[in-house]
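Residues per chain are reported as follows:
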Amino acid sequence: MQSPGAHPDRRRVVLYTADSGLRRPGAMVREMFEDLASSRGLAWQLLIRDIRARYRQSFFGIAWAFLPAILMAIGCTVANRTRVVDFGETDIPYPAYVLIGMVFWQTFVDSVNGPITGASGALKMLSRIKFPREAVILSKVGEALFDFLVKLIPVVLVMVWYGIAAPPTILLVPASLLLLVAFGAAIGTLLAPIGLLYQDVSKGFGLITRAWLLLTPVIYAMPGPGTFGTIVRLNPVTPLLMTTRELLTTGSVSDPLAFAVVAGLTPAVLLGSWVAFRLAMPHAIERMTS
Amino acid sequence: MTMAAQASPPPDVGAEPTRPDPDVVISAEGLHKRFCRDLRRSLFYGVADVAGELTGRRRARHSLRRGEFWALRDVSLELRRGEALGLVGANGAGKSTLLRILSGVIKPDAGSARLVGRVAPLIALGAGFNPILTGRENIYANMSILGLSKAEIDDRFEDVIAFAEVDDALDAPVQTYSTGMAARLGFACAIHIEPDILLIDEVLSVGDTRFRMKCRRRLVELRSRGTSFIMVSHNAYSLLNVCETAIYLKRGEVVTSGDAESVLRQYEEELSLGGDISDAGVLHLPERPIEESYGLDIRSVRFRGPDGEPIDGPVCGEPATLCVDVFAHRPVPEGDMAVMVNALVGESDRLLSMSTNLDSVSISIPAGRSELRLHLPYCCIAPGRYSAKIAVREALDTYDQVDSFRFTVKASRVLSRSAFFQPRRWEVGEAQSP
């Protein structure tokens, strides 16, 4: 039991007004980092809760994390072998290329989806209790990272099978992967409040990811110049995903400049999404609950 | 507690207010909130609000857009350390909206609220409970949402399970719990956060009577340590037990505020007078053709005062007589009259069940018109709206019955903290040996 005055929150003063949070930027930034700090413990608890619940009610358990990537890899490999489609020349054996690519792609999609599904799943809680809403995002991003660790099992197996020796650049993979996840989470965070209001977001996002996958060199090799190649190169996920895969397998980065640009922009995009999320959430929650 | 009427200058938004009273934990000034019932339009306004927020243009607004109404209008309140404030009002009066603004879940459209210290809502019990996980796992998730760190939860864990009385089911999934058990666990989590301000929304009705008593004791304990409460309840008596001051909200506006007893009294009187009262305390029934009659017809029902004069309804604590005017086509030598009273608002449990049969009294009704009278030396039921079912029978035959005679019991004195009026007298006498 605590004695009065012992808790640091005891003197914490909050002020709620109608004004946009942007009118008091100093207070807003301070609150953002306070909430981020205090949401870590909660995010961890939510992460544990969600992962436990997911595997307790599932027979195949962790296999769900990598089954889609394996099936996709098998399908594409068959299509490539039989020359139904030409996926181009890859630096590493094609099955390994597509499996590893799919694992990174799936992790990216999970990072976008996490904040959207997290916010709608926690709506009841969000509508009744004020807690650092960042926790919902952090726990879902944590879940995407946890799933990535599970997905590493087939990645390691396929690399051993095809005798792909990991280059020293493998040490940079976590940093590059975090950028990929951060970029996905930034998009998801931006869409989460709108996703609470309109079902179109989650429905539309399913469609968009399928199209987006085709514009990213996941199942095919980097295309040459041309309209399609330009579109693929302008896709911000391309350098993040390509570079992460190259750091893991070949060790030579094909387009370091594009990677540097996207890597530099990602923190800014993430910060912007975070601010928008904080400002928009009370309004989205208000409209969806009574 | 100061109220809306005595508006003090609004706090200086942005700059640090000039040395506020350190004992004031909540001060809200002129809170407004508008809602829209049309979902499509509401979503559109939501997007517009988000846009205003993101461009920094959003400011206090005192006007409504098309299709909107005020869910809260110019509500102010101030709460000091250790004080308890009750919120009463019909459904949709804005009570929950006010709590949600104070807890920071939604933003006001105008006005401001300043809160000091840790705020805990006793609103959604068991928010974040996952039915698949065990009670133990859910305690950690739930209390984290309410703002405790892992270490703080570890400290309180034993207290929580002792309070919730679920120890043998602690490692079973919450979906196997009974409703009462889940609610107890949720309540135990919420009440062990030791907040500075506790917002309580209609949750004290969980569990059985014994558990409710325990919850009350715990609330009293928290209060003695300086926790302030804002409490919403439909039940005036549970509010009076806890709160000294109250606010009565009606359609988003403060009707009255101040001393809890007088606020609640006004609320109850308005509640009992509002609505469907059309008769002036008398119910007339149309005459019935003889072929449709079972031999005795009820013509009218009314209350009369002690001297036989017609009255609108009984007054709490004073004598009254329920008079049933009947017409008998033939004598009924061993009649039985039964009166069952239900409350119209709140719990619709039977309040009173009276019959000549139960009292071993037999009434003999002659042919023609007569008045059957039920004398109440004191009307003991609390002020409010009631409905009586009145039947005249003989053995198993029902001659006639009135399904709902609605009447109002008026207040003569404040029935403070009592569920009914107890007739009584006091005295000082000589000491008696045992």
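Residues numbered from 1 in each chain as written. Chains lettered and ligands numbered in written order. Predicted model: local features only at pLDDT ≥ 70, side-chain atom pairs only at ≥ 80, totals over all residues.

1. Here we look at the overall build of chain A
The following threshold applies: Where helices and strands are cited, they refer to DSSP runs of H or I of at least four residues and of E of at least two residues respectively, numbered from the N terminus. Computation of the radius of gyration draws on C-alpha atoms, with the globule rule given as 2.2 Å multiplied by the number of residues to the power 0.38. With C-beta atoms placed from the backbone, a residue is buried if 20 or more other C-beta atoms are within 10 Å of its own, exposed if 12 or fewer are, and partly exposed between those counts.
Within chain A, the regular secondary structure consists of 10 helices and one strand. Element order for chain A, N to C, with α for helix and β for strand: β-α-α-α-α-α-α-α-α-α-α. In terms of overall size, chain A behaves like a compact globule, its C-alpha atoms giving a radius of gyration of 21 Å where 290 residues would be expected to give roughly 19 Å. Each principal axis of the C-alpha atoms in chain A carries an extent, and together these give about 70 × 45 × 40 Å. Within chain A, the proportion of its 290 residues that are buried is 43%.

2. A look at the overall build of chain B
Using the following cut-off: Residue pairs are scored as contacts if the distance between their C-beta atoms, which are placed from the backbone, is within 7 Å.
Secondary structure assignment for chain B yields eight helices and 19 strands. Put simply, chain B has 434 residues, and 41% of those count as buried. For chain B, contacts bridging at least 24 residues in sequence account for 73% of all contacts bridging at least 6.

3. Topic: helix 2 (residues 95-102) of chain B
Helical geometry note: an α-helix holds 3.6 residues per turn, so side chains three or four residues apart project in the same direction. Residue and element names in this part refer to chain B. Taking burial as the measure, the eight residues of helix 2 include seven buried ones, the bulk of the element. Turning to helix 2, its buried residues number three or more, namely Lys95, Thr97, Leu98, Leu99, Arg100, Ile101 and Leu102. Note on helix 2: the residue one or two positions beyond its end, Gly104, has a positive phi of about 85 degrees.

4. Section: the sheet that holds strand 6 (residues 197-201) of chain B
Residues and elements named next belong to chain B. Just so we agree on the cut-off: Paired strands, as defined in this entry, are two strands with at least two bridges between them according to DSSP. The axes used here are C-alpha line fits, helices contributing only the stretch in contact, and every angle between their N-to-C directions lies in the interval 0 to 180 degrees.
As summarised here, the arrangement of the six strands in space is 5-6-7-3-8-9, forming an open sheet in which the pairing is mixed. The sheet is open, and its two borders are formed by strand 5 (119-122) and strand 9 (253-259), each paired with just one other strand. Taking each pair of neighbouring strands and ignoring which way they run, the sheet shows an average axis angle of 15 degrees. In the sheet, strand 5 pairs with strand 6 via four bridges, with the strands oriented parallel. Within strand 6, the position partnered with Pro121 by the bridge is Leu199. On top of the sheet, helix 2 reaches strand 3 (84-88), strand 6, strand 7 (228-232) and strand 8 (245-250); it is set at about 150 degrees to strand 7, its chief contact.

5. Re the pairing of strand 14 (residues 332-343) of chain B
As a general feature of sheets, a regular strand has side chains that alternate between the two faces. Residues and elements named next belong to chain B. In this structure, strand 14 lies alongside strand 16 (residues 363-365), joined through two bridges in antiparallel fashion. Residue pairing across strands places Val332 opposite Ile365, the latter belonging to strand 16. Bridging between strand 14 and strand 18 (residues 384-394) involves eight bridges; their strand directions are antiparallel. The residue bridging Ala343 from the neighbouring strand is Tyr386, located in strand 18. As judged from the five bridges shared by strand 14 and strand 15 (residues 350-355), these two strands associate in the antiparallel manner.

6. Structural notes on the nonpolar core
Using the following cut-off: Joining buried Ala, Val, Leu, Ile, Met, Phe, Trp, Tyr and Cys residues through C-beta atoms within 7 Å gives a set, and that set is a nonpolar core.
Val98 and Leu99 of chain A together with Leu102, Leu199 and Ala246 of chain B are the most contacted members of the largest nonpolar core, which totals 150 residues. By residue number, the principal contributor to this core is helix 3 (residues 94-121) of chain A, which donates 15 residues. Sequence-distant contacts of Leu99 of chain A, that is, excluding residues within four places in its chain, are made with Ala69, Ile70, Ala73, Pro154, Val155 and Val158 of chain A. Within the second largest apolar cluster, 26 residues are counted, among which are Ile298, Ala320, Met337 and Ile390 of chain B.

7. Quick word on the sheet that holds strand 1 (residues 24-36) of chain B
Reading across the sheet, the four strands line up as 1(A)-4(B)-1(B)-2(B) and stay open at both edges, with antiparallel pairing between neighbours. Two strands in the sheet have a free side with no partner beyond their single neighbour: strand 1 (13-17) of chain A together with strand 2 (68-80) of chain B. When the angles between neighbouring strand axes are averaged without regard to direction, this sheet yields 15 degrees. The pairing of strand 1 of chain B with strand 4 (residues 110-116) of chain B spans five bridges and is classified as antiparallel. Residue pairing for strand 4 of chain B: His32 of chain B is matched across the bridge by Ala110 of chain B.

8. Remarks on the interface of chain A and chain B
Note the threshold: Here the nonpolar group is Ala, Val, Leu, Ile, Met, Phe, Trp, Tyr, Cys and Pro; Asp, Glu, Lys and Arg are the charged ones; every other residue, Gly included, is treated as polar.
Listed by partner, the interface residues are 47 residues for chain A and 54 residues for chain B. Secondary structure elements with two or more residues in the side of chain A that touches chain B: strand 1, helix 1 (25-56), helix 4 (123-128), helix 6 (173-197) and helix 10 (256-288) of chain A. Tallying contributions element by element places helix 10 of chain A first for the side of chain A that touches chain B, with nine residues. Class assignment for the residues of the side of chain A that touches chain B results in 22 nonpolar, 10 polar and 15 charged. Where strand 1 of chain A meets strand 4 of chain B, five bridges bridge the pair, whose relative direction is antiparallel. Opposite Val14 of chain A, over in strand 4 of chain B, you have Leu115 of chain B as the bridge partner.

9. Observations concerning the packing of helix 9 (residues 237-248) of chain A against helix 10 of chain A
Residues and elements named next belong to chain A. So the rule is basically this: If you view the pair so one helix is near and one far, a crossing is left-handed when the near helix is turned anticlockwise from the far one by less than a right angle, and right-handed when it is turned clockwise.
The geometry of helix 9 relative to helix 10 is characterised by a closest axis approach of 8 Å and an angle of 115 degrees between their N-to-C directions. Handedness of the crossing formed by helix 9 with helix 10: left-handed. Residues Pro239, Leu240 and Thr243 of helix 9 form the contact with helix 10, whose participating residues are Ala258, Phe259 and Val262. Looking at the contact of helix 9 with helix 10, its residues break down into five nonpolar, one polar and no charged.

10. Examining the packing of helix 6 of chain A against helix 9 of chain A
Residues and elements named next belong to chain A. Rules: Any angle that is under 35 degrees is reported as roughly parallel, and any over 145 degrees as roughly antiparallel; angles of 65 to 115 degrees are reported as roughly perpendicular and all others as oblique.
Between helix 6 and helix 9, the least distance of the axes is 9 Å, while the angle of their chain directions is 160 degrees. By the angle between their axes, helix 6 is roughly antiparallel relative to helix 9. Between helix 6 and helix 9 the crossing geometry is left-handed. From helix 6, Val173, Ser176, Leu177, Leu179, Leu180 and Phe183 reach across to helix 9, where they touch Leu240, Leu241, Thr243, Thr244, Leu247 and Leu248. When the residues that make up the contact of helix 6 with helix 9 are grouped by side-chain class, the tally is nine nonpolar, three polar and no charged.

11. A look at the confidence of the model for chain A
Heads up, the condition is: You can read pLDDT as the predictor saying how much it trusts each residue, on a scale of 0 to 100.
Across chain A, the average pLDDT comes to 88, with 96% of residues at or above 70. In this model residues 1-8 of chain A is a low-confidence stretch, pLDDT under 50, and it forms six contacts with partners more than four residues away in sequence or in other chains.

12. What to know about the confidence of the model for chain B
All names here are of chain B. Summing up the model confidence of chain B, the mean pLDDT is 82 and the portion of residues at 70 or higher is 87%. Overall, residues 274-279 carries pLDDT values under 50, and its contacts beyond four positions in sequence, including any with other chains, amount to two contacts. Interface confidence for the predicted complex, expressed as ipTM, amounts to 0.82; the pTM equals 0.73.

13. Observations concerning the environment of Arg114 of chain B
Mapped onto the secondary structure, Arg114 of chain B falls in strand 4. Its 20 C-beta neighbours within 10 Å are what place Arg114 of chain B among the buried residues.

14. What about unusual backbone geometry?
All names here are of chain B. Within the chain, Asp74 stands out as a residue other than glycine whose phi angle is a positive 50 degrees. As for its position among the elements, Asp74 is in strand 2. With 17 C-beta atoms counted inside 10 Å, the residue Asp74 sits in the partly exposed group.

15. Overview of helix 1 (residues 39-54) of chain B
Under the convention used in this document: One less than the number of residues in a helix, times 1.5 Å, gives the span that helix is expected to have. Arc definition: it is the arc formed by the directions from the helix axis to the C-beta atoms.
Taking 1.5 Å of rise per residue, 16 residues should cover 22 Å, and helix 1 of chain B covers 22 Å from first to last C-alpha, within 8% of that figure. Looking only at helix 1 of chain B, the buried set comprises Tyr45, Gly46, Asp49, Val50 and Glu53 of chain B. The buried residues of helix 1 of chain B occupy an angular sector of 145 degrees when the element is viewed end-on, so they sit on one face. In this structure, the buried residues of helix 1 of chain B make contact with helix 6 and helix 10 of chain A together with strand 1 of chain B. Directly beyond the C-terminal end of helix 1 of chain B, a positive phi value near 80 degrees is found at Gly56 of chain B.

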